[in-house]
Amino acid sequence: MNVVELRKTDEEPWRASLEEAIAHIAHLLPTQAPLPAFVHHNTLHAFEHLPFHEAVAEAQRIFGAEPYLPEDRFREAFARGRIRAEDLDFALEGLPDADEPVAPGLTRSALCRLLMLHEVEPLAGAELDYAIHEGSLLDQPIEGADAAALDRTVATIVERGEAWVRGRASVEEGEAGVVDRLGPIGRRLRVDPQPLALRCLWARCLELSTLPASRTAQTAPWRERLRTDHGVDVEDELHPTLIRLCGAYLDGGLAYWPMPHRELGFYRGFLELASASSSLPAPWRGRLRTEARRERADKLDALGSIRRSLESLGIAPERWERVLTDEALALPGWAGMFRRLQSHPRDRVRALDYALEDYLAVRLLVERCILEDIAGGAGFDSAREMLDAGRPVDCSEVREGAATLFRVAQLAGLDLETLEALDDGRPLLEAIDALHSTLRRSIWQEAYERQQRHEALDAISAVAEVQRTRSEPQPEVQVAFCIDDREESIRRHLEELGTRYQTWGIAGFYGLAIAYKGLMDAHERGLCPASREPDHRVHEVPQDEEGAKRWERRWKLVGRTGFAGHVSSRTMLRGLSLSIAGALEAVPMAIRVVAPRKAHRFRETMRNAVLRPPPTRLTALREGELGYDIEEAADIMADIFQTAGWSEFAPLVVILGHGSTTSNNPHEAAYQCGACAGGPGGPNARLFAHLANLPAIREALRARGIDIGDETYFVGGLHDTCADEIRLDDLEDVPESHRDLLASTRKDLEAALDQNAHERCRRFKTISLEASPKAARAHVEARAQDLAQPRSEYNHCTNALCLVGRRWLERGLFLDRRAFLVSYDPTRDPDGTILANLLASVGPVGAGINLEYYFSTVDQDHYGCGTKLPHNVTGLHGVMNGHESDLRTGLAYQMIDIHEPVRLVTVVEATVERLEAIAEGNPAVGRLVSNRWIQIVAMDPDDGTLTELTHLGWRRYEPKRDQVGVFDRSLDAYRSTRANVAPCRVRAGLEKTDA
Amino acid sequence: MLEHIDGVALAVAILAPALATLAIAALMVTGRAREENVVAISRTAFLASLAGAIAIAVVVVQDGPREITTGVWFEAGHHAFHVNFLLDPLAAMMIVLTAGACSLIGHFSVTYLHGERGHTRFYLLLDLFAVGMLLIVTAGSIDLLFVGWEIVGITSALLIGFFHERPMPVRNGLRAFVTYRCCDVALLVGIIMLHHYAHETGMHVDPGRWAAGLPAVSGGGATVVGLALMLGAMGKSAQAPVGGWLPRAMEGPTPSSAIFYGALSVHAGVYLLIRAQPVFERSPIASAALIVVGAITAVTATLTGRVESDVKTTLAYATMTQVGLMFVELGLHLPTVASVHLVGNAVLRCWQLLRAPAILHELHEVHGALEHELETGRVLDNIERKLPGHVGAWLYLRALDRFYFEALFDRFLVRPFFALARALARLDEGLGTSDTPVAVPRRAATDGGKR
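Residues numbered from 1 in each chain as written. Chains lettered and ligands numbered in written order. Predicted model: local features only at pLDDT ≥ 70, side-chain atom pairs only at ≥ 80, totals over all residues.

### Observations concerning the overall build of chain B
So, step 1. Tallying secondary structure elements over chain B gives 17 helices and two strands in all.
So, step 2. Here chain B has a C-alpha radius of gyration of 24 Å; the compact-globule value for 451 residues is 22 Å, and the two agree.
So, step 3. Its C-alpha atoms give chain B principal-axis dimensions of about 70 × 65 × 50 Å.
So, step 4. Here chain B holds 451 residues, and the buried ones make up 55% of them.
So, step 5. Sequence-distant contacts in chain B: of pairs separated by 6 or more residues, those separated by 24 or more amount to 77%. (Helix = DSSP H or I, 4+ residues; strand = E, 2+ residues; numbered from the N terminus. Rg over C-alpha atoms; globule rule 2.2 N^0.38 Å. Buried ≥ 20, exposed ≤ 12 C-beta atoms within 10 Å, placed from the backbone. Contact = placed C-beta atoms within 7 Å.)

Structure below.
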């Protein structure tokens, strides 16, 4: 049945308005891909058109999510010096009307600082009663109160005498509560005047804030109103049913029995199922059956059904979008998955229709039936009548204002006479209200970032200044790594071995946007940034197709057995025999839990004995639909070399992609290469190296100005960032002339890996800081295989920086695994086109990673997915928290627990003018830069001066180079601490003699 | 000394986790609980317990089954409550399984729960659970078994609600707890009836049997006792119609789900019924009831498991299916088969639940090999697909709704019960003071979340 035919008329205006509303809502939903294709992205990508601070505040309004860290975390950072007073001063400069007085002797800026440094949480209702009667609100000055002002108030009341104070009490005759509170004053006066002074202040504050608060009550979503008015929760009935249905429909192969009728689409398939519903378990199910049959008979489509639901609930068309937004955001994960599969067909495992409107139609249909049920039970004729009867709740309270005023007066040193001189407390209260937590935290955030940014700039500048005076010796081996922050340390360790090594930072797909199918993969997957579509297909095939047949048969047999075991163990009779024999599983279970590394090695040995894959090759050059033409490949490769400024080639060049082996981790793809859309970048590196060795390609490259000499040989491989292993490909092809060099390089790579593992291990509390590099290496290897390990590696957890510039100027710079390093040579880019292209590709990748970490850290519930421990994999595409929750998107607690949420400091070797021109020319980069989703810093290519874009505009920064630490080796810089280490200089490996 | 090795081993096996529980509780109370201490205490206790368990197994295998008497707890009239332990091959097998699983999960959780806020609480409950489970499998009388049974129940509920800052875990923990309590009433009735009919509740070594059993009761007594014990076992072992809590129990950290609902707790009911075989052997009615309950559970659970699309729920239903079959085996008086089935299933499910987060990885490998077969549906040639369309949809929807067991309970038992409670409360208020109920003040909901 064609859906188009079902529509009665396409001209109906309601249809257009619903479509428009749904299109708006779609932008608010999480856009996370199914987990196997997880790619880091800016959680608030849809808000990038707004400046960062406005965007997070807007998202807070819509989602109720936290925009920044909690204020006490900032206060704590201030207390331990992570935020300096000068940072706070600078950040406060951005406050509008900073110098305007809001009370006698109190500027807005001073008030803001007070509110930032001292906690003045809103107090109202029972909490306030408690603070007054049981706590010490009126008995003791609050922490941070101005003692001198209190003394002045005491002096005032002592001068005025007891009669005045009593009279003061009688003024408040009408307010029983206040009299109550002033009651014991007489007795207390002789003992301690402070409480009395505070009570007089409190009385004045009450007078000043008698005006009703100006807040307007909103109408809450009907779910909340039903909870308050009738004590029922629609979601109790709705969500279990809906979640199971969504799970069944979206399932990618976990359920043995797929949902019948799903080929009709979610909404129409559901109608078929619901028509068989039974009213036995709950009356609404009977109603659902009737309604489903009616909608089926009326040949409604999803939009028609949504309209019917909204109208039957009495929702006026102008409120449709609002209501639909509430409905979609009630389970944003599930709604978002429908939306994602709708807009990204490549993510689909099944060839089905996915549509957000289907989800909303089903949700509203079920909800409508439940609501009617509840309305009947509550004595209403219809749900419509029940929803109309709901009233907005007014929550404002006069005393709340007084409580705030009272504490601010103490902090700001406003004494009684000053408060008496005010004839209206409203301006001050409004000023306090305007300096709400979100605003204050935006100032904190600026201050928090400034300190870290300047520390980094100091070191970058110090190293660049030294390196500028040196000339770079010819390396014997060049190693290209991904720009990933996790590769920063291994590059450093390799270079510390001497000037023999030179490393490069190139986005890990190496320009080759391929759809790749490995020998043992079921499907092709894109290995290129998520923003691009793969433009070539490359497969890994056996070198000897005939000889591989036997292997393939064995492999399929093992797969079939495994699958049969998986399915059978869950069925009844086959499961009976398997579970009777289940005791045998105790052996592998115990071994894998107790000795994961040994168990893994044993399994690998066994696997290689039985199932060693045949030697393979890539379909690099065109074979039918697969592979590259020489000219295409040469264009891409020339571009890569030119961008990096790579023009001289060492005898051995190693090209490394990266990936990550982790066990028992549904978020495995998040640990892979971000530039390969959550896939391991090994195939790209292997392909690049293979192509670069082809004489035809070298010829073509020479025509493009890239001259690779005959003595140069390329080797591709993969760096496993979790187990810290480097596997090189196609070693059997390496010519005899290069074998020795390769062997010594591999030895050095191993040594660098040991050091790298050692540096990583300082972040893991479960291994001692004193462990040796070898022990650290064994530890990370075990981590990769340990089923019990929720933090197999820390991924991008410490990311904070991105450097785009010449590697030589960064050599000897210790960045604590916190920086993306992008090789770029401004001297070979006269007109800035290379930089523009580079930023267009790495900008969104780096910012996406950084911002996803930012948001998952500041709000684990809304933006992150909480702790991994109860995660439950659903339908091969997502995780729920335990049993039947929303699909959880974002990063888990175990991925962010040591993350400092700062926006990516992006230092580019370019002038301000060039950066501004690029931002203007490319909207995607421009939004990130000018709306300050990243903190951009221009480093002048000629003299190294630094200019940063702050909230006050472009500002020159004078680095304090002399404050930068200098160490012999990286080890000395990071040894014996688990905390972040300030960027510094490392001397090893800079002189030729070191080799 | 050597002649008391069984007693010593038993004491070590049970007391080690008991002392660990107390030690961790003391650390918690004094605010000195640190991850390393808690882990060290638990690890030592579990290893000691495992050593004790293995020693017991060796002794039982070499020198045959035995009873260990430690004394009388209290006496009332001619009823005496003995604190007796029974070590026979079944107990030996279960005690090794229990101590082994606890040690393994304890080890697994050191890494898995590292840095988690509830780390201490988790180990406290895990140690306490070990005590309860060990009491169940070594108890020489059903009275003592009941003590362990209750400990297991409360720790299970508390671990389901481990993430108590979210509402669903708490709610589902409560559901499990209420189910347990209701079924425990039946178990208690069964115990009282056993006292009534048999005048004792001890289990004694019988040379003719592999597993010792409860005292035999004949005639109507056997049916009454048998049915009551069955009802008691149905709660813990999640049998239809009261098993709806089991999939909901998957709210806690993965290792606790593995040990409770994969390995041990869920099989406690089966263990009880194996011990109660002498009773069932004398009551065809109770045996038939076991078969019916088990068969209904197995069939509905396997169908439900087939339609569920999340890994932990499918495993919950797979477990339930097999436990249902164990009930059938026991109804058919095949305790040995049930025992082997129990141990095998416990190990298999525990292992599958521990690996549940790896399912994407594992299936990815399989899918690579089976691409063609999966897409043509050849490997999924199952019965459901052969059902005619409307019958298939009808059955599918019921499986997805878990055969309405929970919904029916809610509609016909829980809601009327709460309505009654509310009516009584109103009556109570009407009779008492006429104070209006205290309104809980709400934090302002309209400040746009800006604070």
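Next comes the rest of the write-up.
### Regarding the overall build of chain A
So, step 1. A tally of regular secondary structure across chain A gives 39 helices and 23 strands.
So, step 2. Against the globule reference of 30 Å for 995 residues, chain A gives a C-alpha radius of gyration of 33 Å, in line with a compact fold.
So, step 3. For chain A, the spread of C-alpha atoms along the three principal axes comes to 105 × 80 × 60 Å.
So, step 4. Evaluated residue by residue, chain A yields a buried proportion of 52% over its 995 residues.

### Remarks on helix 32 (residues 695-703) of chain A
Residue and element names in this part refer to chain A.
So, step 1. All of the buried residues in helix 32 are Ile697, Arg698, Ala700 and Leu701. Taken around the axis of helix 32, the buried residues stretch over an arc of 160°, which confines them to a single face. When the buried face of helix 32 is taken as reference, the exposed residues oriented beyond 90 degrees from it are Pro695, Glu699 and Ala703.
So, step 2. As for helix 32, its buried residues are in contact with helix 30 (630-644) and helix 31 (682-693).
So, step 3. Directly after helix 32, the chain includes glycine 705, whose backbone phi takes a positive value near 85°. (Arc of directions from axis to C-beta.)

### What to know about the sheet that holds strand 17 (residues 887-888) of chain A
Residues and elements named next belong to chain A.
So, step 1. Taken together, three strands build an open sheet; the order of strands is 15-16-17 and the sheet is antiparallel. Edge positions in the sheet fall to strand 15 (871-874) and strand 17, since each has one partner strand and no second.
So, step 2. Of the strand pairs in this sheet, strand 16 (residues 878-881) and strand 17 are connected by two bridges, and their pairing is antiparallel. Bridge pairing in strand 17 links valine 879 to arginine 888. (Pairing = 2+ DSSP bridges.)

### Concerning the interface of chain B and chain A
Interface size is commonly expressed as the accessible area that is lost once the parts come together.
So, step 1. Opposite the 86 residues of chain B that make contact, chain A presents 91 residues.
So, step 2. In terms of residue count, the dominant contributor to the side of chain B that touches chain A is helix 15 (residues 359-375) of chain B (11 residues).
So, step 3. Here the side of chain B that touches chain A is built from residues that sort into 42 nonpolar, 28 polar and 16 charged. (Nonpolar A, V, L, I, M, F, W, Y, C, P; charged D, E, K, R; others polar.)

### Examining the domain arrangement of chain A
So, step 1. In terms of domains, chain A is made up of domain 1 (3-30 + 219-389), domain 2 (136-215 + 396-421), domain 3 (472-543 + 615-792) and domain 4 (548-611).
So, step 2. Distance from the C-alpha centre of domain 1 of chain A to the C-alpha centre of domain 4 of chain A: 42 Å. (Domains from an automatic or database assignment.)

### Re the pairing of strand 20 (residues 946-950) of chain A
Residue and element names in this part refer to chain A.
So, step 1. The buried fraction of strand 20 amounts to four of the five residues, a majority that puts the element mostly inside the structure.
So, step 2. Direction of pairing for strand 19 (residues 935-939) relative to strand 20: antiparallel, over a ladder of three bridges. Each residue of the ladder has a partner; that of alanine 938, found in strand 20, is threonine 947.
So, step 3. Taking the residues between adjacent antiparallel strands as the criterion, strand 19 and strand 20 are bridged by six residues, where glycine 944 takes a positive phi near 75°.

### Some words on the pairing of strand 2 (residues 79-87) of chain B
Residue and element names in this part refer to chain B.
So, step 1. The pairing of strand 1 (residues 66-76) with strand 2 spans eight bridges and is classified as antiparallel. For threonine 69, the partnering residue across the bridge sits in strand 2 and is asparagine 84.
So, step 2. Connecting strand 1 to the next strand, strand 2, in antiparallel fashion are two residues, including glycine 77 with a positive phi near 60°.

### As for helix 30 of chain A
So, step 1. Counted at 1.5 Å a residue, the expected span for helix 30 of chain A with its 15 residues is 21 Å, and the 21 Å between its end C-alpha atoms agrees.
So, step 2. At the C-terminal side of helix 30 of chain A, glycine 645 of chain A shows a positive phi close to 75°. (Expected span 1.5 Å × (residues − 1).)

### Here we look at the packing of helix 37 (residues 912-921) of chain A against helix 38 (residues 923-930) of chain A
All names here are of chain A.
So, step 1. Viewed as axis vectors pointing N to C, helix 37 and helix 38 meet at an angle of 125°, and their least axial separation amounts to 5 Å. By the angle class used here, helix 37 and helix 38 are oblique. Where helix 37 approaches helix 38, its residues Leu915, Ile918, Ala919 and Glu920 are matched on the opposing element by Val925, Gly926, Val929 and Ser930. (Axes fitted to C-alpha atoms, helices over the stretch in contact; angles between N-to-C directions. Parallel < 35°, antiparallel > 145°, perpendicular 65-115°, else oblique.)

### Digging into unusual backbone geometry
So, step 1. Of note, the amide linkage connecting alanine 240 of chain B to proline 241 of chain B takes the cis form, showing an omega dihedral of 5°.
So, step 2. With respect to the element layout, proline 241 of chain B can be found in the loop between helix 7 (220-236) and helix 8 (245-248).
So, step 3. Notably, alanine 677 of chain A is not glycine yet its phi reads approximately 55°, a positive angle.
So, step 4. Summarising the element assignment, alanine 677 of chain A is placed in the loop between strand 9 (652-659) and helix 31.
So, step 5. When the 26 C-beta atoms within 10 Å are taken as the criterion, alanine 677 of chain A is described as buried.
So, step 6. With a phi close to 60°, arginine 932 of chain A is a non-glycine residue in the positive phi region.
So, step 7. Mapped onto the secondary structure, arginine 932 of chain A falls in the loop between helix 38 and strand 19.

### Brief notes about the sheet that holds strand 20 of chain A
All names here are of chain A.
So, step 1. Spatial strand order, 14-12-18-19-20-21: six strands in an open sheet with mixed pairing. Edge positions in the sheet fall to strand 14 (819-823) and strand 21 (953-957), since each has one partner strand and no second. Each strand of the sheet is rotated relative to its neighbour by a mean of 20°, with strand direction disregarded.
So, step 2. Sheet analysis places strand 20 next to strand 21, joined by five bridges and oriented antiparallel. Bridging from a neighbouring strand, leucine 949 pairs with tryptophan 954 of strand 21.

### Quick word on the packing of helix 10 (residues 268-275) of chain B against helix 14 (residues 335-354) of chain B
Residues and elements named next belong to chain B.
So, step 1. One way to put it is that helix 10 packs onto helix 14 with a least axis distance of 10 Å and a crossing angle of 160°. With respect to each other, helix 10 and helix 14 are oriented roughly antiparallel. In this structure, helix 10 meets helix 14 at a crossing whose hand is left-handed. Two secondary-structure elements touch here, helix 10 through Val270, Tyr271 and Ile274 and helix 14 through Pro335, Ala338, Ser339 and Leu342.
So, step 2. Counted by class, the contact of helix 10 with helix 14 contains six nonpolar, one polar and no charged residues. (Left-handed = near helix turned anticlockwise from the far one by under 90°.)

### What about the confidence of the model for chain A?
All names here are of chain A.
So, step 1. Averaged over all residues, the pLDDT of chain A is 90; the fraction at 70 or higher stands at 94%.
So, step 2. Low pLDDT, under 50, characterises residues 1-6; the stretch is placed with three contacts to residues that sit more than four places away or in other chains.
So, step 3. Low pLDDT, under 50, characterises residues 212-218; the stretch is placed with 14 contacts to residues that sit more than four places away or in other chains. (pLDDT = per-residue confidence, 0-100.)

### Topic: the environment of arginine 384 of chain A
Residue and element names in this part refer to chain A.
So, step 1. Residue position: arginine 384 is located in helix 20 (residues 383-389).
So, step 2. For arginine 384, a count of 18 C-beta atoms within 10 Å translates into the label partly exposed.
So, step 3. C-alpha separation for the pair arginine 384 and serine 976, spaced 592 residues apart in sequence, amounts to 66 Å.
So, step 4. Residues contacting arginine 384, with those up to four places away along its chain left out, are Ser312, Leu313 and Gly314.

### So, the environment of arginine 108 of chain A
Residue and element names in this part refer to chain A.
So, step 1. Here arginine 108 shows up in helix 6 (residues 108-117).
So, step 2. Judged by C-beta crowding, with 20 C-beta atoms within 10 Å, arginine 108 ranks as buried.
So, step 3. Here the alpha-carbon distance between arginine 108 and leucine 429, two residues 321 residues apart in the chain, equals 12 Å.
So, step 4. Not counting residues within four places of it along the chain, the set of residues in contact with arginine 108 comprises Leu95, Asp97, Ala98, Glu100, Val102 and Ala431.

### Quick look at the environment of leucine 206 of chain A
So, step 1. In this structure, leucine 206 of chain A sits in helix 11 (residues 193-208).
So, step 2. It is 26 Å that separates the C-alpha atoms of leucine 206 of chain A and arginine 440 of chain A, two residues lying 234 residues apart in sequence.

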